[in-house]
Amino acid sequence: MSDPAGRAMKYPYTYAAKIAQFPLQHYCRNQWIWRFYFIAFGLSLPLFYKLHKLANMPANREKWAESKRKELQQHH
């Protein structure tokens, strides 16, 4: 005989039951990290984009390749 749909297990044995009973809404409402994580992620995207553009400039890539070539020559 199965339990009614709204009744929770005393101890969730399966991973699906553990996930279903996890109080995610409580954590999202009562912990500051969940709110500010998405705000900080959104605000940091332009910074990461700018750093990516600077790191992958052709002059910078050539300089990096030259330093790697010199490093490999020293080891051989």
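Computed from a prediction, not measured in an experiment: that's the story for all the values here. (Residues numbered from 1 in each chain as written. Predicted model: local features only at pLDDT ≥ 70, side-chain atom pairs only at ≥ 80, totals over all residues. Heavy atoms only, no water.)

Engineer: Tell me about the overall build of the chain, and please be specific about residues and values.
Structural biologist: Of the regular secondary structure elements, the chain holds four helices and zero strands. Written out in order from the N terminus, the α and β elements of the chain read α-α-α-α. Over its C-alpha trace the chain gives a radius of gyration of 26 Å, far above what one expects of a compact globule, namely 11 Å for 76 residues. With the principal axes as the frame, the chain shows a C-alpha extent of 75 × 35 × 15 Å. For the chain, buried positions account for 4% of its 76 residues. Accessible surface for the chain amounts to roughly 7800 Å². Of this, 65% is attributable to carbon and sulfur atoms. (Helix = DSSP H or I, 4+ residues; strand = E, 2+ residues; numbered from the N terminus. Rg over C-alpha atoms; globule rule 2.2 N^0.38 Å. Buried < 20%, exposed > 50% of the residue type's maximum accessible area, 1.4 Å probe, protein only. Areas by Shrake-Rupley, 256 points an atom, 1.4 Å probe, with all protein chains shown as cover.)

Engineer: Pulling in residues and values, what's your account of helix α3 (residues 32-55)?
Structural biologist: Here α3 is 24 residues long and its end C-alpha atoms lie 33 Å apart, about the 34 Å a rise of 1.5 Å per residue gives. Along its length, α3 reaches its greatest deviation from straightness, about 35°, at Ser44, and the proline Pro46 lies no more than four positions downstream. (Expected span 1.5 Å × (residues − 1). Bend = angle between axes of the 7 residues up to and from the residue.)

Engineer: Please provide a residue-by-residue account of the UniProt feature "transmembrane region" (unreviewed entry) in the chain, values included.
Structural biologist: Sequence positions flagged by UniProt for "transmembrane region" (unreviewed entry) are, in local numbering, residues 32-51. Annotation note: span residues 32-51, helix share 100%, strand share 0%, distance between end C-alpha atoms 28 Å. (UniProt positions renumbered as here; feature names shortened; annotations may be inferred.)

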